[in-house]
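# Analysis of the macromolecular model
What follows is the residue order along each chain.
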Amino acid sequence: MSMMAQQQHQGYGPGQPQPPYPQGSLAAPGGAPPGQQGPDQAAAATAPPLEKMDHVAGYENVGFNAAAAPPPAYADAVAQGPPPERRDIQNVPVITEEQAREAMLQYVAEHCCYGSGTAKEMVFRDLQSSSAFHYTLETFTEKRQTSWAYEPYIGQPIDGPHNGPAPGPWDIQVQPPTKFKTQHSHVEVPHTASVKPCHDCIGNGRVRCHHCHGCGHSRCHHCHGHGTVERYEDGHHHHHTCHVCHGSGNARCHVCHGHGQVPCRTCDAKGNLKCFIRLTITWTNNMNDHIVERTSLPDELIRSVTGQVAFEEELPRVWPINHFPDATINQASQQLVERHNTQFQMERILLQRHQVRIIPVTESLYTWKGKDYNFFVYGFENKVWTSNYPQSCCCGCTII
């Protein structure tokens, strides 16, 4: 097949201008192997003309920018039965004075500017135990986007339309590697591939050198194009022929080594591209939570500690909690579940799970040197938070 016939077969029609060599500006120093181009290359590869791409049924509006494919309607998960029987909520353990003092001593040991005298000498007035509730809802969704893509054609198999019609974006079976973890995957849509001549080098595999503009030479950097260099000898200025360009004022281009062309980076100097439709699958774990904590302990501290998992459920679609003793948690569950079930219009909901953790919180009231103070012990780790520890300073570590 002639070059013209091959170009017509692969998408370039007759009558289109084809210069003696392409006008690209991708260069490789010294004719370096493709993929090893140097910093002198300023231009980036451009996408092929969209009108040169094949017509694929069901993908008529696909471009080189990823576009979301709306998921098909499905009602099997929505029409599921009532939630399974939910067990009763158990109480969490409370701490003793000895545990509260030990927790404070550990807290003081972790802060160099806190004195340990208060923790050792304080007299407890009361331990007021309560519970914080942490509700979390996770919705694991899948989003699919399609776009045209291309890569150098090096002889790899081509799965084109001759093998059958292309399946729809949601007809391709791809399973998430891990549940409830945000991740991505790229898949070639079957039966959409074809081979086309590279649009940057017009199938030649090489493009014009951007440094010398195809001349193969540039102004000599040693004599600045004059052909001679000036030297001061014996009290006089003398002009000598430049030893680099031998008086021509031009030197061989250091980028293309005088060839005027460099390997095309778009096709990796192969001359042809494999074009296909790429399916990008994004799995996202969408999480929202709600904390109920009725003391002066900052709510955000509850997220960082462990507690008792009082309730946990995983289903294609979860039902709002309605049996928890605290009505605020039931209301938060109702609101978050309704929001998640309507929020992801361009994504498919694969799984949902929610849980309620009960975090023990103890407010320790104590007296030291005739004054009253307090601190909080929270979580199964017995973490401590206080805003008024009496033996603290910011100017040194002399308090013991």
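Residues numbered from 1 in each chain as written. Predicted model: local features only at pLDDT ≥ 70, side-chain atom pairs only at ≥ 80, totals over all residues. Heavy atoms only, no water.

In the annotation of an unreviewed UniProt entry, the entry for the chain reads Protein SSUH2 homolog isoform X2, and the organism field reads Lingula anatina.

## Thoughts on the pairing of strand β7 (residues 228-233)
What counts, and what does not: A strand pair is defined by DSSP finding two or more bridges across the two strands. Numbered from the N terminus, helices here are DSSP runs of H or I no shorter than four residues, and strands are runs of E no shorter than two.
As judged from the six bridges shared by β7 and strand β8 (residues 236-241), these two strands associate in the antiparallel manner. Bridge pairing links Glu230 to His239 in β8. Where β7 hands over to β8, the hairpin turn is made up of two residues, of which Asp234 adopts a positive phi near 55°.

## Some thoughts on the packing of aromatic side chains
Which entries qualify depends on this criterion: The pairing test for Phe, Tyr and Trp rings, Trp by its six-membered ring, is centres within 6.5 Å, and the orientation test on the planes gives stacked under 30 degrees, edge-to-face over 60, and tilted for anything in between. Per-residue accessibility, obtained with a 1.4 Å probe over protein chains only, is compared with the maximum for each type, and a residue is labelled buried under 20%, exposed over 50%, and partly exposed between these values. In this analysis the charged atom, NZ for Lys or CZ for Arg, is taken to sit over a ring once it is within 6 Å of the ring centre and within 35 degrees of the ring normal.
Taken as a whole and assessed by the stated rule, the structure comprises nine aromatic pairs. Both rings, one in Phe64 and one in Tyr150, keep their centres 6.2 Å apart while their planes meet at 75°; by these two values the pair is edge-to-face. On the criterion of sequence distance, the pair formed by Phe64 in the loop between α1 (3-9) and β1 (67-68) and Tyr150 in strand β2 (residues 123-152) is long-range, its members being 86 residues apart. We classify Phe64 as partly exposed; its relative accessible area is 23%. Given a relative accessible area of 24%, Tyr150 falls into the partly exposed group. Seen in terms of ring centroids, Phe376 and Trp385 are 6.0 Å apart; in terms of plane orientation they differ by 40°. Their pairing is tilted. Among the residues examined, Phe376 registers a relative accessible area of 2% and is labelled buried. Among the aromatic residues, ring-to-ring pairing joins Phe124, Tyr366, Tyr373 and Phe375 into one connected group. Looking at Lys274, its charged tip hangs above the ring of Phe276, at a distance of 5.3 Å from the centre. Looking at Arg353, its charged tip hangs above the ring of Phe180, at a distance of 4.1 Å from the centre.

## What to know about helix α4 (residues 327-343)
To keep it simple, the criterion reads: How far a helix is expected to stretch is found by multiplying one less than its residue total by 1.5 Å. Throughout, the arc means that of the directions going from the helix axis to the C-beta atoms. By the convention used here, residues are in contact when the closest approach between their heavy atoms is within 4.5 Å. Polar contact is the term for a pair of N or O atoms within 3.5 Å; when the atoms are in protein, one must be able to donate a hydrogen and the other to accept it, and sequence-neighboring residues count only if both atoms are side-chain atoms.
For α4, with 17 residues, the first-to-last C-alpha span of 24 Å sits near the 24 Å given by 1.5 Å per residue. Taken as a whole, α4 has its buried residues at Ile329, Asn330, Ala332, Ser333, Leu336, Val337 and His340. An end-on view of α4 places all buried positions within 160° of arc, on one side of the element. Facing away from the buried surface of α4 by more than 90 degrees, the exposed residues are Ala327 and Thr342. Of the surrounding elements, those touching the buried residues of α4 are β2, β11 (272-292) and β13 (348-368). You can read the cap of α4 off the contacts: a side-chain oxygen lies 2.8 Å from the backbone nitrogen of Thr328, and it is on Asp326.

## Concerning the pattern of salt bridges
Rules: Each reported salt bridge corresponds to a side-chain nitrogen of Lys or Arg within 4 Å of a carboxyl oxygen of Asp or Glu.
In the structure shown here, the tally under the stated rule is nine salt bridges. One salt bridge connects Lys196 with Asp54, and the closest N-O pair in it is separated by 3.0 Å. Taken together, the positions of Lys196 in strand β4 (residues 194-197) and Asp54 in the loop between α1 and β1 put the pair 142 residues apart, joining distant regions of the chain. Overall, the relative accessible area of 8% leaves Lys196 in the buried class. Taking the relative accessible area as the measure of exposure, Asp54 reaches 27% and is therefore partly exposed. In this structure, the salt-bridge partner of Glu188 is Lys274, at a minimum N-O distance of 2.8 Å. A residue pair is termed long-range when its members are at least 10 positions apart, and Glu188 in strand β3 (residues 183-188) and Lys274 in strand β11 qualify at 86 residues. The exposure class assigned to Glu188 is partly exposed, which follows from its relative accessible area of 26%. One connected set of salt bridges, linked through shared partners, spans Glu151, Glu188 and Lys274.

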